[in-house]
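Listed below, chain by chain, are the residues.
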Amino acid sequence: MKEKEINIRPLFPNAVTMMALAFGVSSINMSLWGNWKMAVIFIMLAGFFDFMDGKVARLLGVSSKFGAELDSLSDFVSFGVAPGFLMYMWSMNPQMRLAALMDVSMKPDAVGVYWAIVLFLAMCCATRLARFNSLLDEPQPSYWDNFFMGVPAPAGAGLAIFPLILWLASGNELFHSRAFAGGFVIFSGLMMASKIPTLCLKHLHIGKNLASFLAILFIFFVIGLLTFTWWTLSILGACYLISIPLCIVWFLKLKK
């Protein structure tokens, strides 16, 4: 009797997803220890592996509903919980937390309000992921082909930690203020839960000349990321912010 062959190909994309989850959870650990740089890097690595798991699944032809669900759970932890927790630990420095413990009157403002912002980000991320999954099998109008509905979870995480990245790049304490940091976390949550069109490159047709230019630009980006990490990420975040209103204008033109 012939033994059944065991197909291990479906394990590869799920293993990549697990790597994304591992880096997301590790970011939380780095936040607890106050290692802000590694906490940010781990979130970025979670975003990279989150991008790669779908590519690996399509390359091997093993896309599955199980993989999609696993990916959503990983995204919620890595991009819904980890960034908010990181920003909370970073903006609520040890001295401030100690002062809140010693003075009860400071607790609602110094602890409760900012922890509520962390919860808000997690809830918005969960809303975004649930809506994305529910629309997977529903046909969308053609003018949505080049857009996401709302900010994707990895990009939303990047927006949430943008003040920290700016602070690491410049050292300017303005970016370290609780109001500025909290405002970006709220903005990120709203953008993830919204239905605002944002850039999606999956179906974007690029000419050969533009592709060559983008390839050169990508090389410079990698070099910048390795040599001037925080400034490069700051510029990338600023460009993404600028792209949001541009995408809205482009979307409205296509819709007409």
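Located above this text is the structure these notes cover.
These remarks concern the structure in this document. (Residues numbered from 1 in each chain as written. Predicted model: local features only at pLDDT ≥ 70, side-chain atom pairs only at ≥ 80, totals over all residues. Heavy atoms only, no water.)

**A word on the overall build of the protein**
A tally of regular secondary structure across the protein gives ten helices and two strands. Listed by position from the N terminus, the elements making up the protein come as α-α-α-α-α-β-α-α-α-β-α-α. Across the 256 residues that make up the protein, the buried fraction comes to 40%. Restricting the contact set of the protein to residue pairs at least 6 apart, pairs at least 24 apart contribute 83%. Here the protein has roughly 15,000 Å² of accessible surface; of this, 72% comes from carbon and sulfur atoms. (Helix = DSSP H or I, 4+ residues; strand = E, 2+ residues; numbered from the N terminus. Buried < 20%, exposed > 50% of the residue type's maximum accessible area, 1.4 Å probe, protein only. Contact = heavy atoms within 4.5 Å. Areas by Shrake-Rupley, 256 points an atom, 1.4 Å probe, with all protein chains shown as cover.)

**A short note on the packing of helix α6 (residues 153-160) against helix α8 (residues 178-193)**
Where α6 contacts α8, the axes come no closer than 8 Å and their chain directions differ by 165°. Our classification of the angle between α6 and α8 gives roughly antiparallel. Here α6 and α8 pass one another in a crossing that is right-handed. Contacts between α6 and α8 involve A153, G156, A157, L159 and A160 on the former and, on the latter, F184, V185, F187, S188 and M192. (Axes fitted to C-alpha atoms, helices over the stretch in contact; angles between N-to-C directions. Parallel < 35°, antiparallel > 145°, perpendicular 65-115°, else oblique. Left-handed = near helix turned anticlockwise from the far one by under 90°.)

**Concerning helix α7 (residues 162-170)**
The buried count for α7 comes to eight of nine residues, which makes it a mostly enclosed element. Listed as buried for α7 are F162, P163, L164, I165, L166, W167, L168 and A169. Buried residues along α7 sit in contact with α2 (36-60), α3 (65-91), α6, α8 and α10 (229-255). Positive backbone phi, approximately 75°, marks G171, located one or two places after α7.

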